[in-house]
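Fold and geometry: a report
So you can see what is in the structure, the chains are spelled out below.
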Amino acid sequence: MASQSKRLAGSRSSEIDRFAVLAELRRRATSPAALARSHEYHVSTLTHVFERPCPIAEKIVANAIGRAPEELWQVRERLRVERRERRILKEPVCAQVGG
């Protein structure tokens with residue numbers, strides 16, 4: 001379990017290991033299901049955060065272990081930023097009126 005905490009604390013990888021996050025939650029005497037109940041979500045909502053992106057669930061889990069969601073799910077955050085930038089670039093530029 002110590003190695004999992006070390007992986008969580010000093011990870012340089014792009015994604016935090018699912019088991020390291022779960023171990024950290026257990027160390028803090030909680031679980032994804034307990035977090036979901038305390039935030040009035042369905043019990044399975046926070047367990048799915050490891051399989052698919054869900055910004056709200058990511059934030060809840062990250063706050064529970066004292067980290068920023070961007071630290072835990074760097075790849076997902078990078079993809080969100082890229083999508084946001086593409087969306088901004090695709091928006092039509094209004095022609096200036098007047099002159």
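So, a few notes on the structure that sits alongside this text. Note that the structure is predicted; figures quoted are calculated from it, not measured.

Take the pattern of salt bridges next. Evaluated as defined, the whole model comprises seven salt bridges. Notably, a salt bridge pairs Arg 18 with Glu 51, separated by 3.0 Å at the nearest N-O pair. A residue pair is termed long-range when its members are at least 10 positions apart, and Arg 18 in helix 2 (residues 18–27) and Glu 51 in the loop between helix 3 (32–38) and helix 4 (55–64) qualify at 33 residues. Between Glu 24 and Arg 28 there is a salt bridge, with its nearest N and O atoms 2.9 Å apart. Glu 24 gets classed as buried once you look at its relative accessible area, which sits at 5%. Using a relative accessible area of 40% as the deciding quantity, one classes Arg 28 as partly exposed. Through salt bridges with shared partners, one network takes in Glu 58, Arg 76, Glu 77 and Arg 80.

Within the largest apolar cluster, 15 residues are counted, with the highest numbers of intra-cluster contacts made by Val 21, Leu 25, Leu 46, Val 49, Phe 50, Val 61 and Trp 73. Broken down by secondary-structure element, the contributors of at least two residues to this core are helix 2, helix 3 and helix 4. Broken down by element, this core gets its largest block of residues, four residues, from helix 4.

Basis of the calculations
Residues numbered from 1 in each chain as written. Predicted model: local features only at pLDDT ≥ 70, side-chain atom pairs only at ≥ 80, totals over all residues. Heavy atoms only, no water. Salt bridge = Lys/Arg side-chain N within 4 Å of Asp/Glu carboxyl O. Helix = DSSP H or I, 4+ residues; strand = E, 2+ residues; numbered from the N terminus. Buried < 20%, exposed > 50% of the residue type's maximum accessible area, 1.4 Å probe, protein only. Core = buried A, V, L, I, M, F, W, Y, C linked by side-chain atoms within 4.5 Å.

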